[in-house]
Amino acid sequence: MLEHNHSVKKMKTSSSTTKKINGIVVLMKKNALDFNDIKAGFLDRVHESLGFRVSLQPVSSVNTNPADEYRGKLGEPSYLEEWLTEYTGLVAGESAFKVTLDWDEDIGVPGAVIIRNEHHSEFYLRTITLHDVPGHGKVFFVCNSWVYPAKCYKKNRVFFSNKAYLPHETPAPLIKHREEELEVLQGTGEGKLEEWDRVYDYAYYHDLGEPDKGQKYVRPVLGGSSNHPYPRRGRTGRPPTKTDPNSESRVPLVKSLDIYVPRDERFGHLKMNDFLAYSLKALSQDILPELESFSDNTLNEFESLQEILKLYEGGIKFPENNLLSKITENIPLEMVKQLLHEDNKPLLKFQMPQVIKEDKSAWMTDEEFAREMLAGLNPVIIRRLEEFPPQSKLDQTVYGNQNSSITKEQVEDKLNGLTVYEAIKQKRLFILDHHDSLMPYLRRINTTSTKTYASRTLLFLNENGTLKPLAIELSVPHPKGDQFGPISKVYTPAEKGVKGSIWKLAKAYVAVNDSGSHQLISHWLNTHAVMEPFVIATNRQLSVLHPIYKLLHPHFIDTMNINAFARQILINAGGIFERTVFPGKYALEMSSSLYKNWVFREQALPRDLINRGMAVKDSSYPHGYRLLIEDYPFAVDGLEIWSAIETWVKEYCSFYYKTDKMIAEDIELQSWWKDNREKGHGDKKDESGWPEMKTLDELTETCTIIIWVASALHAAINFGQYPYAGYLPNRPTISRRFMPEPGSPEFEELESKPETVFLKTITSKFQTLLGISLIEILSTHSSDEVYLGQRDTREWTLDAAPLQSFENFGKRLQEIEKSITDRNTSGTWRNRVGPVKVPYTLLYPSSESGLTGKGIPNSISI
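Because the structure is predicted, anything quoted here is derived from the model rather than measured.

### Section: the overall build of the protein
Here's step 1: Of the regular secondary structure elements, the protein holds 25 helices and 20 strands.
Here's step 2: Expressed as a percentage of the 862 residues in the protein, the buried residues total 62%.
Here's step 3: Here the protein displays about 33900 Å² of accessible surface, and carbon together with sulfur accounts for 49% of that area.

Structure representation (structure tokens):
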């Protein structure tokens, strides 16, 4: 299958001096990782005994072979030898093998190696180390790639040493190899892709629905149209569905682990992420039906808040059914050990969420309700109110007058003596506004089992730095038509009696809005979905030799894979998101509508804070910005992390690019940026907000944004899910009843049984159990997580100055950790701990494994 066999022969010269070079190859065999492939190891031993082996062939970085299109001259193939059982530095599953190379002067310093696998099965090649290369010393190769049997490839597998080169600096013998590698990774754009293919290409989101199963499972194609723009995802090449040629057929649920992503992007080389994959599959395929059956066979309601607490304190006993066996058979114990009782009785039990760990009722307070807008799991929505009443940006010719109905008389008695306009002038009024984003979809959403509102929440900044809710406006579309505007009602704070119960319900509807916005927009769209095109473009257009590839690659690990799993079981038609988040079947379509507002440059934290009116430029303040809410934990910690990333990126990029001209003339870099804009985010290619990529400042800005979104922003949005939303009454994801109206039976029930009405309104028992099970998995750090400021190998580049800058970056992050701890324990900043006594640690860079509520992984890997 190989097109040319320049890997097996070399030009002989009689005058060259030969010498033996010792090397170490570190790899993982497939059967060390795959629980199901028992035969792989046996077959590989048979192949080895028959002479089918693994060879390594050095490629010169000094001398070319004119007879081989001026590729580097090749050394003789060498074969993996004995297994080095005492080799240090290995992790579980890795093996080290000795290799001896015949070196001669024609080779000089090897700049690459060709690996040929004649075994039956693939292996994961981690590193290659060549010792005592004459005139150079050690040559190190960071490989981190699956190598399939040679018959699977049309081109040889080439791995480059850890020296970074801009395209014009590439040694001549390596140029052809560099170009060919990118051609392989770009693919042809045709055909179904197989697991050994290494192709990175783009596709629309046209695999979310299953039209062959009926109208219920039809979903619009996202991407490629002005109505439904969307970032691109990785192409699989699966055939179209039978009933809709524009929709791509789906992998059956039982084969969810087999959905195509390039093999090096798949879980598997990280053992705990393999467990994650099995856990998500089992949750969707096996446990979800059992939970639904259990809920259907009992009253699908929690009778009281105390019953919900039993999920964490003692567990809920299940009738004798298959749930326990499904859990133990399909989900590894380390991932969901909280689900099992010590005596293995059929008991569903979860770890106590932090939000109710110290105080079981503090989540109900107005202060905590408001504080979580600054320090909870969705602290990126709140903005300063600059006009009163709040104005809508929806088209009045379509939606009528959607401006707020809140009046100054409803709020001025809570402004500590100020008028509304004085409070606006003093920059002390803020708003959590979900009105415009939801209203265009609300009529359709409310035809389903969901019954909810579009909300606006007004808040006032107290002297002590906390926020005080002033009013909540809940709106629904006018029954006569959108053009008549909304029907809105305004609710104000109350603590006791039926008014207190109504206020508690109003806050619950806001939490439902915010939960949906968090999961679909802040989390899925603005981190997972928008990052995948950058992963694809980087692998298509930047060689592994390129310094920007080396900078960004750690921040892309596992992102394509977790996104593929999301398409398969989370965001698909009938998937877990549609079952647990209020927009239901309209969820992804709604996220497409909000992608219209996405602008790359505005993803920078400082720009985001300024755009939301939460900060102003001020050179006298740390990092050059003054926060208008000084005690805004996400922003305070975030600006420190942002500044550290920006400093590291600027030092790194300036080492390789001495002039702006070098950036403008870097053909790979320009192709990369063109790919990102015109293909990966092709629906926005003609919009403003894209750096031109002509200067060092623009490159620094771009890479800082990418790293920020992939690491810190995602961590702040993701790992607070279980600490805050693991207790669903605090963050309900669905509302099933409208607000009770005076004179109705529901209102009478609210007067006599307020807790019952609250629980009947928010997420049901089944949805709660499913939601908690999911976010427990998604909030858990694996034991082999690599965090911001860390790399999986110290020798990721040969260049000393970038290595020193990276070390300084790591030290700066350690200083930030100390600052975060000091702020959390000082007692000065009330929003950092709040009534629930949960310290803000979501931007604390490092973490242990498990459910910790802290830690910034390098990438969107969960």
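### Considerations on the packing of helix H11 (residues 497–541) against helix H22 (residues 745–752)
Here's step 1: At a minimum axis distance of 9 Å, the contact between H11 and H22 shows a crossing angle of 110 degrees. In terms of their interaxial angle, H11 and H22 are classed as roughly perpendicular. On H22, the residues touching Val498, Ser501, Ile502 and Leu505 of H11 are Phe747, Leu750 and Glu751.
Here's step 2: Split by residue class, the contact of H11 with H22 holds 5 nonpolar, 1 polar and 1 charged.

### Topic: the packing of H11 against helix H15 (residues 587–595)
Here's step 1: Between H11 and H15, whose axes approach to 10 Å, the crossing angle comes to 70 degrees. On the basis of the axis angle, H11 is roughly perpendicular to H15. Contacts between H11 and H15 involve Leu520, Ile521, Trp524, Leu525 and Val530 on the former and, on the latter, Ala587, Leu588, Met590, Ser591, Leu594 and Tyr595.
Here's step 2: A breakdown of the residues in the contact of H11 with H15 according to their chemical character gives 10 nonpolar, 1 polar and no charged.

### Digging into the sheet that holds strand S7 (residues 123–133)
Here's step 1: Taken in spatial order, the 4 strands line up as S5-S1-S7-S8 in an open sheet, and their pairing is antiparallel. One side of each edge strand has no neighbouring strand; the edge strands of this open sheet are strand S5 (94–104) and strand S8 (137–147). Neighbour-to-neighbour, the strand axes of the sheet open up by a mean angle of 20 degrees, direction not taken into account.

### Remarks on the nonpolar core
Here's step 1: The biggest cluster of nonpolar side chains holds 174 residues, and the ones touching the most others in it are Tyr312, Ile382, Ile548, Leu551, Tyr632, Phe634 and Trp708.
Here's step 2: Looking at this core, the element that brings in the most residues is H11, giving 19 residues.
Here's step 3: Counting 23 residues, the second-largest nonpolar core is a separate cluster that includes Trp103, Leu130, Val139 and Cys143.

### Thoughts on the packing of aromatic side chains
Here's step 1: With the rule as written, the count across this model stands at 30 aromatic pairs.
Here's step 2: With centroids separated by 5.9 Å and ring planes inclined at 25 degrees, the aromatic side chains of Tyr595 and Trp598 adopt a geometry described as stacked.
Here's step 3: Between Trp598 and Phe600, the aromatic rings sit 6.3 Å apart at their centres with planes inclined by 65 degrees, giving edge-to-face as the arrangement. For the pair Trp598 and Phe600, a shared accessibility class is recorded, and that class is buried.
Here's step 4: Aromatic rings pair up to connect Tyr205, Tyr230, Trp524, Phe534, Tyr595, Trp598, Phe600, Trp672, Trp673 and Trp690 into one cluster.
Here's step 5: Sitting over the ring of Phe758, Lys504 keeps its end group 4.6 Å from the ring centre.

### Describing the pairing of strand S15 (residues 429–433)
Here's step 1: Of all 5 residues making up S15, 5 are buried, and the element is well covered by its neighbours.
Here's step 2: Because side chains alternate across S15, one face comprises the buried residues Leu429, Ile431 and Asp433, and the other comprises Phe430 and Leu432, equally buried.
Here's step 3: Note: S15 against strand S16 (residues 454–461), 5 bridges, orientation antiparallel. When the bridges of S16 are listed, Asp433 appears paired with Arg456.

What counts and what doesn't
- Residues numbered from 1 in each chain as written.
- Predicted model: local features only at pLDDT ≥ 70, side-chain atom pairs only at ≥ 80, totals over all residues.
- Heavy atoms only, no water.
- Helix = DSSP H or I, 4+ residues; strand = E, 2+ residues; numbered from the N terminus.
- Buried < 20%, exposed > 50% of the residue type's maximum accessible area, 1.4 Å probe, protein only.
- Areas by Shrake-Rupley, 256 points an atom, 1.4 Å probe, with all protein chains shown as cover.
- Axes fitted to C-alpha atoms, helices over the stretch in contact; angles between N-to-C directions.
- Parallel < 35°, antiparallel > 145°, perpendicular 65-115°, else oblique.
- Contact = heavy atoms within 4.5 Å.
- Nonpolar A, V, L, I, M, F, W, Y, C, P; charged D, E, K, R; others polar.
- Pairing = 2+ DSSP bridges.
- Core = buried A, V, L, I, M, F, W, Y, C linked by side-chain atoms within 4.5 Å.
- Phe/Tyr/Trp six-rings, centres within 6.5 Å; stacked < 30°, edge-to-face > 60°.
- Lys NZ or Arg CZ within 6 Å of the ring centre and 35° of its normal.

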